Amino acid sequence: MNTTNNTWARVGHQTDRAASPMVTVVTAEACHLCEDAHTELLNRATQGQLLLDQVDAESPQGQKLLHQHRPAMFPLVLLDGAFLSAGRLPRRKLDRALAARKAS
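Attention now moves to helix α1 (residues 32-46). Its 15 residues give α1 an end-to-end C-alpha distance of 21 Å, which sits within 8% of 21 Å, the value for a rise of 1.5 Å per residue. Of all the residues in α1, the buried ones are Leu33, Cys34, Ala37, His38, Glu40, Leu41, Arg44 and Ala45. Directly beyond the C-terminal end of α1, a positive phi value near 85° is found at Gly48.

If you trace the backbone, Arg44 turns up in helix α1. Using a relative accessible area of 7% as the deciding quantity, one classes Arg44 as buried. Ignoring sequence-local partners within four residues, the contact set of Arg44 consists of Gln49, Leu50, Arg91, Leu94, Asp95 and Leu98.

The geometry of α1 relative to helix α3 (residues 91-103) is characterised by a closest axis approach of 12 Å and an angle of 35° between their N-to-C directions. The crossing of α1 and α3 is right-handed. Judged by residue contacts, Asp36, Glu40, Leu41 and Arg44 of α1 engage Arg91, Leu94, Asp95 and Leu98 from α3. Here the contact of α1 with α3 is composed, by residue class, of three nonpolar, no polar and five charged.

Now for unusual backbone geometry. With an omega of -5°, the peptide bond between Phe74 and Pro75 qualifies as cis. By the secondary structure assignment, Pro75 is in the loop between α2 (60-69) and β4 (76-79). Phi is positive for Ala30, which is not a glycine, with a value near 60°. Overall, Ala30 belongs to the exposed group, its relative accessible area being 79%. If you check the backbone angles, Asp80 has positive phi at about 50° while not being a glycine. In this fold, Asp80 is placed in the loop between β4 and β5 (82-86). A relative accessible area of 41% places Asp80 in the partly exposed class.

This part covers the state of the cysteines. If you walk through the whole model with that rule in mind, you get one disulfide. Covalent S-S linkage joins Cys31 and Cys34, the inter-sulfur distance amounting to 2.4 Å. Torsion about the S-S bond of the Cys31 and Cys34 cystine: about 80°, corresponding to right-handed handedness. Across this residue pair, the class does not change: Cys31 and Cys34 are buried.

Looking now at the pattern of salt bridges. Per the stated rule, a full pass over the model turns up five salt bridges. Notably, a salt bridge pairs Arg91 with Glu40, separated by 3.5 Å at the nearest N-O pair. A residue pair is termed long-range when its members are at least 10 positions apart, and Arg91 in helix α3 and Glu40 in helix α1 qualify at 51 residues. Assessed through its relative accessible area of 29%, Arg91 is described here as partly exposed. With a closest N to O distance of 2.7 Å, Asp95 and Arg44 form a salt bridge. With Asp95 in helix α3 and Arg44 in helix α1, the pair connects residues that are 51 residues apart, well separated along the chain. Classification of Asp95 as partly exposed rests on a relative accessible area of 36%. Among the charged side chains, a salt-bridge network with shared partners connects Asp36, Glu40, Arg44, Arg91 and Asp95.

How each quantity is defined
- For every chain, the first residue of the written sequence is number 1, and numbering continues from 1 onward in sequence order.
- Only residues with pLDDT of 70 or above have their local features reported here, since the model is predicted, and side-chain atom pairs are shown and tallied only from 80 upward, although totals for entire chains, interfaces and linings are computed over all residues.
- By convention in this description, side-chain values take in all heavy atoms of the structure and omit both hydrogens and water.
- The way it works is that DSSP assigns letters per residue, a run of H or I at least four long becomes a helix, a run of E at least two long becomes a strand, and they are numbered from the N terminus.
- To estimate the expected span of a helix, count its residues, drop one, and scale the result by 1.5 Å.
- Here the term buried applies to any residue with accessible area under 20% of the maximum for its type, exposed to any over 50%, and partly exposed to those in between, with areas from a 1.4 Å probe on protein chains only.
- Contacts are assigned to residue pairs that have any heavy atoms within 4.5 Å of one another.
- The axes are straight lines fitted to the C-alpha atoms, using for helices just the contacting stretch, and the angles between their N-to-C directions are given from 0 to 180°.
- By convention, the crossing between two helices is left-handed when the near helix turns anticlockwise from the far helix through less than a right angle, and right-handed when the turn is clockwise.
- Throughout this entry, Asp, Glu, Lys and Arg are counted as charged residues, while Ala, Val, Leu, Ile, Met, Phe, Trp, Tyr, Cys and Pro are counted as nonpolar. The remaining residues, Gly among them, count as polar.
- Only a pair of cysteine sulfur atoms within 2.5 Å counts as a disulfide in this structure description.
- Here, a salt bridge means any Lys or Arg side-chain nitrogen found within 4 Å of an Asp or Glu carboxyl oxygen.

Everything listed is a geometric property; what it means functionally is a separate question.
Next comes the structure, spelled out in C-alpha cells:
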C-alpha cells in the first residue's frame, strides 16, 4: 500500500494516458483487501494496462466518492469513473471490463 502522506497517487505510462483506462481505488487504512487490490492494480499499471489513481478514504475526494457510490466494504474500485467493485478485487471481471474497453 502507498505509505506516503499523499491522499492519492497516480501510476501509469504518461504517453498512454489518453488511451489507457483509469482505475481509481479508494482504500482504507489497515485493510487487507485494499492492500491486495492495490498490489494487483499497481502491477497492471506498471505493465501499461491501466492508469491507477489511489485515493485515501479519509481524503475529501475519497469521502466524495464514498458518498456517491456507497460501497458496502473497501476497497471501492472504479473504472473510468464507473463502479467496478467493492471488497475483494474481482480479477476476471476486471479483465473482461478492460478487454471490452479496449475493443470499443
